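Understanding the architecture of this molecule
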Amino acid sequence: MVRHPTMRASDVDREAAVTLLREHHLVGRLTLAEFNERMGAAIAAVTLGDLARLISDLPPPEHLEADVEVIRARMAYEEARTRAALARPSVSGTEPAMSMPPAMPLPEAPPVPADVRWSAAPQRRSRDGWAATARGLRAAWTVLNAVTALNVVIWLLVAVAGTGVVYFWPVWVYGPAAAVLGSIQMILWRHGRAAP
């Protein structure tokens, strides 16, 4: 919940809201049209309450405040780096050097409230990835079984029309492909079981 809904939103607040909307679009909670509409509204938002309304139906809305703090810390760090680069004298000593100072570590993010579960997003993405891989594997098995069934029907027609025993050649269609798909499925299953 936004603490001050009537407080005017800054560019950092709007950027955090757009970032959050983009994440929800990437995981499928928002269609492209909804994302574009809400992004336009976020860019035009005047108050923090306007931004909160755009994400009120998306879990969890507390991300906005935490994201704002992280973005503010990064912007302050970049600003400090730029000021340090401009203040450092050049070799001649008459004008400031324009090169950037050596990279400094990013400041640590502010403490996140206990009710905001940051680890849920990577796990959700990981689960979404596993689900997509499983769907792809099921589709591959379906295609392989359909092609094999067609080959078995052709083999039966040849065997019935022929005068002798016909070698069961569809095994060479199914066998190698099934061995590859089965190996992939086993590896993914074991990796999925080992994943946290």
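Just so it is clear, the model here is predicted, and its values are computed rather than measured.

**Focus on the nonpolar core**
Taken as a class, soluble globular proteins show a tendency for nonpolar side chains to be buried jointly. Leu21, Ala42, Leu51, Ile55 and Leu58 are the most contacted members of the largest nonpolar core, which totals 14 residues. For this core, the elements supplying multiple residues, two or more each, are helix 1 (11-26), helix 2 (32-44) and helix 3 (48-55). Grouped together as the second largest cluster of nonpolar side chains are five residues, Leu137, Leu144, Ala178 and Leu181 included.

**Remarks on the packing of aromatic side chains**
Per the stated rule, a full pass over the model turns up one aromatic pair. Their ring planes at 90° and their centres at 4.8 Å tell us that tryptophan 155 and phenylalanine 168 sit as a pair that is edge-to-face. With tryptophan 155 in helix 5 (residues 120-161) and phenylalanine 168 in the loop between helix 5 and helix 6 (171-194), this pair connects stretches of sequence that are 13 residues apart.

**Structural notes on the pattern of salt bridges**
Going through the model one piece at a time under the given rule, you end up with four salt bridges. Across the pair arginine 14 and aspartate 11 runs a salt bridge whose closest N-O atoms are separated by 3.0 Å. In this pair, arginine 14 and aspartate 11 are both assigned in helix 1, three residues apart and thus about one turn of the helix distant. Arginine 14 sits in the buried class, given a relative accessible area of 16%. Two residues, aspartate 50 and arginine 53, come together in a salt bridge whose shortest N-O distance is 2.4 Å. Remark: arginine 53 and aspartate 50 occur in helix 3; sequence separation between them is three residues, near one turn of the helix. With relative accessibility at 24%, the residue aspartate 50 sits in the partly exposed group.

About the criteria used
Residues numbered from 1 in each chain as written. Predicted model: local features only at pLDDT ≥ 70, side-chain atom pairs only at ≥ 80, totals over all residues. Heavy atoms only, no water. Core = buried A, V, L, I, M, F, W, Y, C linked by side-chain atoms within 4.5 Å. Buried < 20%, exposed > 50% of the residue type's maximum accessible area, 1.4 Å probe, protein only. Helix = DSSP H or I, 4+ residues; strand = E, 2+ residues; numbered from the N terminus. Phe/Tyr/Trp six-rings, centres within 6.5 Å; stacked < 30°, edge-to-face > 60°. Salt bridge = Lys/Arg side-chain N within 4 Å of Asp/Glu carboxyl O.

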